[in-house]
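Here is what each chain is made of, one letter per residue.
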Number of protein chains: 2
Amino acid sequence: MNLDFDINQFMEDFSKNCNKVQVKKFNKGEVITNYIQKRNQFCMLMEGSADLVRYDYNGNKTIIEHFTKGNAFGEIFYTINTNNEFFVEAKKLSKVLFFKYDDIKTMCSKNCTFHRSLEEKLPEIILNKVIDLNTRIELLTKRTIRDKLLGYFSTLSTRTFSKTITLEMSLTNLADYLSVDRSAMMRELRDLKEEGFIKKVGDKIVLLHK
Amino acid sequence: MNLDFDINQFMEDFSKNCNKVQVKKFNKGEVITNYIQKRNQFCMLMEGSADLVRYDYNGNKTIIEHFTKGNAFGEIFYTINTNNEFFVEAKKLSKVLFFKYDDIKTMCSKNCTFHRSLEEKLPEIILNKVIDLNTRIELLTKRTIRDKLLGYFSTLSTRTFSKTITLEMSLTNLADYLSVDRSAMMRELRDLKEEGFIKKVGDKIVLLHK
DNA sequence: ACAAAATAGTTGCAAATGCAACAAAAACTT
DNA sequence: AAGTTTTTGTTGCATTTGCAACTATTTTGT
């Protein structure tokens, strides 16, 4: 199996070849889309990064997902059960590709490159998302803050083939991503340093003996 | 969009029409598959129910996913980062459809019903899984045992359009599913009863004023 | 029908986590 | 370059959760 086709090239081609696809840019902090109604919306991040954020009734913020180049998101993937607030927020200047899921199959038998190609790649794209979500579930099911941190570091380390990792987000956001209290996480991070599991070098973290 | 095509009929047809598909039965407690190597394995549950289970280094059990009729699972969806033990265990007498993901595209241009149909349905099947996983993440990111319980009940309630719900698993397993300590969960369950959020009637739970 | 196993239910106590509040440092703005 | 905002880092204390251990009840297997 090959999940590693060139998703970037793919998105470039799409955005140029089909009039059912929209491309929009968003500045840091802007809301890309919110999850309220079922609009069949399917989005892909072409540039930048973004978070799917939830605020619960207590004002607790949770980063449900973190998206980087090539990731898919949108209401098509989500069923909202609660009345909490959900939205996707750009963390950097971002370029996003929008289309309706229904459009993939219902139109363009007239050989639009976009449609043929998307239909072919769709399983791979969604499968990538499944793998990301499973990785996330593995993290969230860890019982302690320590295990969540080490699990997160280990995922980054595996992804980049390096024991020296660069966090993709601020520590404040990491706490929201791991769904734990920030100060408790900071405490754990200090302990991990003191006990020699990790080392901080500038803005990077080095994983020591496991 | 229609995610609700007849997945059962679909699986029946497959199991009869293609020699690359295997169907096996498993008794309660038997291991259906384990997640160790990358074998491109794609499975679908035709009958029964099953759990994807992880045991960590402390012997803590976590139910990573719970599968019922129509759900897809298998290594194709999963990247194991840890050296923990992962396997799928039948919870009832179950019938499982097995095939290799690669087989979907690489063979049978000779019009095998299975292949044409599977290629068409694949995005929907995987999309269903994404939605399940997102629902699961929403639960796991809730901060307290109370919120996890209420969230779980609420999901079941929405699914069955009823305030009276039947748990899909034992309370012991529910604790493993919510990734919390069983006795702490029982305590919370008692408090929810005492505070009038829920009521137990036989093996059913009734959700009262929210 | 009986024994064995699994599940439900409970409790005291220890440990982990969350909350609130603050100071220092770093990163953005204009 | 100065002011503002965000992030990092820390602490004391309250609350929640986990752990261990045990009994009662229900389910399962033979």
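Residues numbered from 1 in each chain as written. Chains lettered and ligands numbered in written order. Predicted model: local features only at pLDDT ≥ 70, side-chain atom pairs only at ≥ 80, totals over all residues. Heavy atoms only, no water.

Here we look at the overall build of chain A
When you go through chain A residue by residue, the secondary structure sums to 6 helices and 11 strands. Looking at chain A as a whole, 53% of its 210 residues qualify as buried. Taking as baseline every contact in chain A between residues at least 6 positions apart, the subset at least 24 positions apart corresponds to 70%. Taken as a whole, chain A presents about 9,900 Å² of accessible surface, with 46% of it coming from carbon and sulfur. For chain A, the distance from the average site of its 34 positive side-chain charges to the average site of its 28 negative ones is 2 Å. (Helix = DSSP H or I, 4+ residues; strand = E, 2+ residues; numbered from the N terminus. Buried < 20%, exposed > 50% of the residue type's maximum accessible area, 1.4 Å probe, protein only. Contact = heavy atoms within 4.5 Å. Areas by Shrake-Rupley, 256 points an atom, 1.4 Å probe, with all protein chains shown as cover. Lys, Arg positive; Asp, Glu negative; His and termini not counted. Charge placed at Lys NZ, Arg CZ, Asp CG, Glu CD.)

Points about the relation of the copies chain B and chain A
By a simple turn and slide, chain B fits onto chain A: the slide is 0.0 Å along the axis, the RMSD is 0.1 Å, and the turn is 180 degrees. Overall, the copies show the geometry of a two-fold rotation axis. A shared binding surface is used by both copies, with 100% of the interface residues of chain B retained as interface residues in chain A. (Least-squares fit on C-alpha atoms with pLDDT ≥ 70 in both.)

Brief notes about the protein's contact with DNA strand C
Contacts to DNA strand C come from 18 residues, most closely from Asp181(A), Ser183(A), Leu171(B), Thr172(B) and Arg182(B). Backbone atoms, meaning sugar and phosphate, make up 49% of the atoms of DNA strand C lying within 4 Å of the protein. Contacts to DNA strand C include Ser183(A), whose side-chain N or O atom sits 2.9 Å from a base nitrogen. The contact in question runs from a phosphate oxygen of DNA strand C to an N or O atom on the backbone of Leu171(B), over 2.7 Å. (Near = heavy atom within 4 Å. Polar contact = N/O pair within 3.5 Å; in protein donor to acceptor, adjacent residues only side chain to side chain.)

Describing the protein's contact with DNA strand D
Around DNA strand D sit 18 residues, and of these Leu171(A), Thr172(A), Arg182(A), Asp181(B) and Ser183(B) come closest. Counting only the atoms of DNA strand D that lie within 4 Å of the protein, the sugar and phosphate share comes to 48%. At the level of secondary structure, the elements contributing two or more residues to the surface near DNA strand D comprise helix 5 (171–178) and helix 6 (182–194) of chain A together with helix 6 (182–194) of chain B. If one sorts the elements of the surface near DNA strand D by residue count, helix 6 of chain A sits on top with 5 residues. Broken down by class, the residue content of the surface near DNA strand D amounts to 5 nonpolar, 5 polar and 8 charged. (Nonpolar A, V, L, I, M, F, W, Y, C, P; charged D, E, K, R; others polar.)

Here we look at the side chain of Ser94(A)
Residues and elements named next belong to chain A. With respect to the helices, strands and loops of the structure, Ser94 is situated in strand 8 (residues 94–100). Owing to a relative accessible area of 1%, Ser94 belongs among the buried residues under this scheme. In this structure the side chain of Ser94 is engaged in a polar contact, spanning 3.3 Å, whose partner is the backbone oxygen of Ser49. Of note is the side chain of Ser94, whose polar atom sits 2.9 Å from the backbone oxygen of Lys92.

A few points about the packing of helix 5 (residues 171–178) of chain B against helix 6 of chain B
All names here are of chain B. In contact at an axis separation of 9 Å, helix 5 and helix 6 are set at 105 degrees when each is read in the N-to-C sense. What the angle tells us is that helix 5 and helix 6 run roughly perpendicular. Contacts between helix 5 and helix 6 pair Leu171, Thr172, Leu174, Ala175 and Leu178 from the former with Arg182, Met185, Met186 and Leu189 from the latter. Residues that form the contact of helix 5 with helix 6 fall into these classes: 7 nonpolar, 1 polar and 1 charged. (Axes fitted to C-alpha atoms, helices over the stretch in contact; angles between N-to-C directions. Parallel < 35°, antiparallel > 145°, perpendicular 65-115°, else oblique.)

Concerning the interface of chain B and chain A
If you look at the interface, chain B gives 46 residues, while chain A gives 46 residues. Residue Glu138(B) pairs with Arg54(A) through a salt bridge whose shortest N-O separation is 3.4 Å. At the boundary of chain B with chain A, the tally comes to 16 residue pairs in polar contact (both at pLDDT 80 or more). When residues of the side of chain B that touches chain A are traced back to their parent elements, those giving at least two are strand 5 (61–68), helix 2 (101–106), helix 3 (113–140) and helix 4 (145–160) of chain B. (Salt bridge = Lys/Arg side-chain N within 4 Å of Asp/Glu carboxyl O.)

A short note on the pattern of salt bridges
Residues and elements named next belong to chain B. As enumerated under the stated definition, the model contains 16 salt bridges over all chains in all. The salt bridge partner of Asp51 is Lys91, with a shortest N-O separation of 4.0 Å. Placement of Asp51 in strand 4 (residues 49–55) and of Lys91 in the loop between strand 7 (85–90) and strand 8 (94–100) is noted, with a sequence separation of 40 residues between them. Taking relative accessible area as the criterion, Asp51 reaches 2% and is therefore assigned buried. Residue classification places Lys91 among the partly exposed positions, given a relative accessible area of 22%.

Re the packing of helix 4 of chain B against helix 5 of chain B
All names here are of chain B. Between helix 4 and helix 5, the shortest axis-to-axis distance is 11 Å and the interhelical angle comes to 110 degrees. Here helix 4 lies roughly perpendicular to helix 5, going by the angle between them. Counted together, Lys148, Leu149 and Tyr152 of helix 4 and Leu174, Tyr177 and Leu178 of helix 5 form the full contact between these two elements. A per-class count over the contact of helix 4 with helix 5 returns 5 nonpolar, no polar and 1 charged.

Some details on helix 5 of chain A
With 6 of 8 residues buried, helix 5 of chain A is to be regarded as a mostly interior element. Where helix 5 of chain A terminates, the next one or two residues include Ser179(A), which has phi positive at roughly 65 degrees.

Here's the deal with the pairing of strand 5 of chain B
Residue and element names in this part refer to chain B. Counted residue by residue, strand 5 has 7 buried out of 8 residues, so it is predominantly covered. Pairing between strand 4 and strand 5: 7 bridges, direction antiparallel. Following the sheet pairing, Asp51 is matched in strand 5 by His66. Hairpin connection of strand 4 to strand 5: 5 residues between the antiparallel strands, including Gly59 at a positive phi of 85 degrees. (Pairing = 2+ DSSP bridges.)

Brief notes about the environment of Ile145(B)
All names here are of chain B. Within the secondary structure layout, Ile145 lies in helix 4. Sequence-wise, Ile145 and Leu178 are 33 residues apart; in three dimensions their C-alpha atoms are separated by 8.1 Å. Those residues in contact with Ile145, other than ones at most four positions away along the chain, are Val180, Ala184, Met185 and Glu188.

Concerning the sheet that holds strand 10 (residues 198–201) of chain B
Residues and elements named next belong to chain B. What the 3 strands build is an open sheet, ordered 9-11-10; its pairing is antiparallel. Edge strands, defined here as strands with exactly one partner in the open sheet, are strand 9 (164–166) and strand 10. Between one strand axis and the next, the sheet turns by 30 degrees as a mean value, whatever way the strands run. Pairing of strand 9 with strand 11 (residues 204–207) involves 3 bridges; the strand directions are antiparallel. Residue pairing in the sheet places Thr164 in a bridge with Val206 of strand 11.

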